[in-house]
Every structure is written in C-alpha cells, then in structure tokens.
Amino acid sequence: MKKILIINGHPNPDSFNFAIADEYKEGALASGAIVETITIAHLNFSPNLKFGYQKRTELEPDLLESWEKIKRADHLVWVHPVWWGGLPAITKGFIDRLFLPGMAFQYRENSVWWDKLLKGKTAHIITTLDQPSWYYRLFFGRPSVNQLKKSTLEFCGVKPVKVSYVGIIKGSHDLQRAKWLDKIYDFGLKNK
C-alpha cells in the first residue's frame, strides 16, 4: 500500500486549496492508500530559521511530528497557492525549519556536493494560480515551482516531482471548480 502525505500550504481554511487537499485525500483513500495530512497553518511553530545553519534551532513538537510523517511517506503531495510568484510565507518557513542538513540532505565534508537523504520518495505539486499557467511559466519562469521542485525536493532526492496547475482561481465559477476537483480526485485515486 502506498503511503501518501498531503501537505497543505495555504493559511486560509476557507480557500479552494483546502477543497483540493480534501478531494485528493478522498481519491487516495478510495484507492486503498494510507493517507496522512499536514496543514501547515494549524501547526504551532516559528517559521523563522533564526540562525540559518550556523546554530541549531530546536524543532517544536508539531515540526517533529511533521518530519516523522514526511519520513513515513512514499509520496508527498504539496498543495499551495502562488503568491507574488512564490510560496506563502508559512509554507516557506515550514520548509526552512524542516528540510535541514542531516535530515533532508547532508553536505559532504570539504566538497561542494551533498547527499540526498529523501531518495525513494516521489512528489506532486498542485498549485493554484490567478493567471494562466502558460503566462506564469513563460513570463515569470515559474519561480514557486523552481523553488519547491528543483531547489528543495529534487535537491533532497525526491524524484520524480509532478506539477499540476489549477486556475485561474480568481473569478472561477462553481462548475469550473467542480471540474478541477474531479481531476484532483482522479490524481488521488491514481496516487499521482
């Protein structure tokens, strides 16, 4: 049985991102997968990596529990909006605090290379946009995807990482949102 972890990076529980995370979960459960969730906004932690990597900041209990969930998972599903081209601050803080040397990757002594400690895991990034996805890719270079997919997940050994865009959210109607949610349910059902 596949172990799936859904990480919801939207801070607003009334957002469409919560509906996306719930729909993926329903599909994955229907497939027989084992599903766990992390709703970053519900965690009690400081998103600030105060000392960078110079001095260790102890992890709060919610972050320790989140890391255990990440370690157990075969497949990570990240759900988040694109704000100002990037990730919401709380999501970025979650990554900064958890994807640390010795946990997610390890620098090699006297080398520019590193060991990828999350090998064997796959991921799917599902991100909402208030612009066409082609515009986000072509004119902005999809910075949130580059950051999460390339500079975080693949850097730590997670591969392959699939990306799906949902939108344009702003001004969308109920019928369009229902179609998007059907597609998300199918992703969950197929464990994509």
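Because the structure is a prediction, the values reported are computed rather than measured. (Residues numbered from 1 in each chain as written. Predicted model: local features only at pLDDT ≥ 70, side-chain atom pairs only at ≥ 80, totals over all residues. Heavy atoms only, no water.)

(A) Structural detail: the layout of surface pockets. A volume near 240 Å³ is recorded for the largest pocket. As for the largest pocket, its lining consists of 16 residues, of which Val82, Trp83, Thr128, Leu129 and Asp130 are closest to the centre. Taken together, the elements giving at least two residues each to the lining of the largest pocket come down to helix H1 (16-30), strand E6 (122-129) and helix H4 (133-140). The residue makeup of the lining of the largest pocket, split by class, is 9 nonpolar, 6 polar and 1 charged. Taken as a whole, the second largest pocket holds about 210 Å³ of empty space. Around the second largest pocket sit Leu49, Tyr53, Lys92, Ile95, Asp96, Phe99, Phe105, Gln147, Ser151, Thr152, Phe155 and Cys156, which together line it. Only helix H3 (89-98) and helix H5 (143-154) provide two or more residues apiece to the lining of the second largest pocket. Split into classes, the residues belonging to the lining of the second largest pocket amount to 7 nonpolar, 3 polar and 2 charged. (1 Å grid on protein atoms, 1.4 Å probe; cavity = no way out; pocket = protein on both sides within 12 Å on 5 of 7 lines; lining within 4 Å. Points joined across faces, edges and corners; volume = space filled by probe spheres on them. Helix = DSSP H or I, 4+ residues; strand = E, 2+ residues; numbered from the N terminus. Nonpolar A, V, L, I, M, F, W, Y, C, P; charged D, E, K, R; others polar.)

(B) Structural view of the pairing of strand E3 (residues 75-81). Counting buried residues in E3 gives 7 out of 7 residues, a clear majority hidden from the surface. The alternating pattern of E3 places His75, Val77, Val79 and Pro81 on one face and Leu76, Trp78 and His80 on the opposite face, and all of these are buried. Where strand E1 (residues 3-8) lies against E3, 5 bridges are found, and the strand directions are parallel. Counted as the bridge partner of Ile7 is Trp78 from E3. Alignment of E3 against E6, held across 7 bridges, turns out to be parallel. (Buried < 20%, exposed > 50% of the residue type's maximum accessible area, 1.4 Å probe, protein only. Pairing = 2+ DSSP bridges.)

(C) Structural view of the pattern of salt bridges. According to the stated counting rule, one finds 7 salt bridges in the structure shown. A salt bridge links Asp115 to Arg108; the shortest N-O distance between them is 2.9 Å. Arg108 sits in the partly exposed class, given a relative accessible area of 40%. A salt bridge links Lys190 to Asp186, with the shortest nitrogen-to-oxygen separation between them at 3.1 Å. (Salt bridge = Lys/Arg side-chain N within 4 Å of Asp/Glu carboxyl O.)

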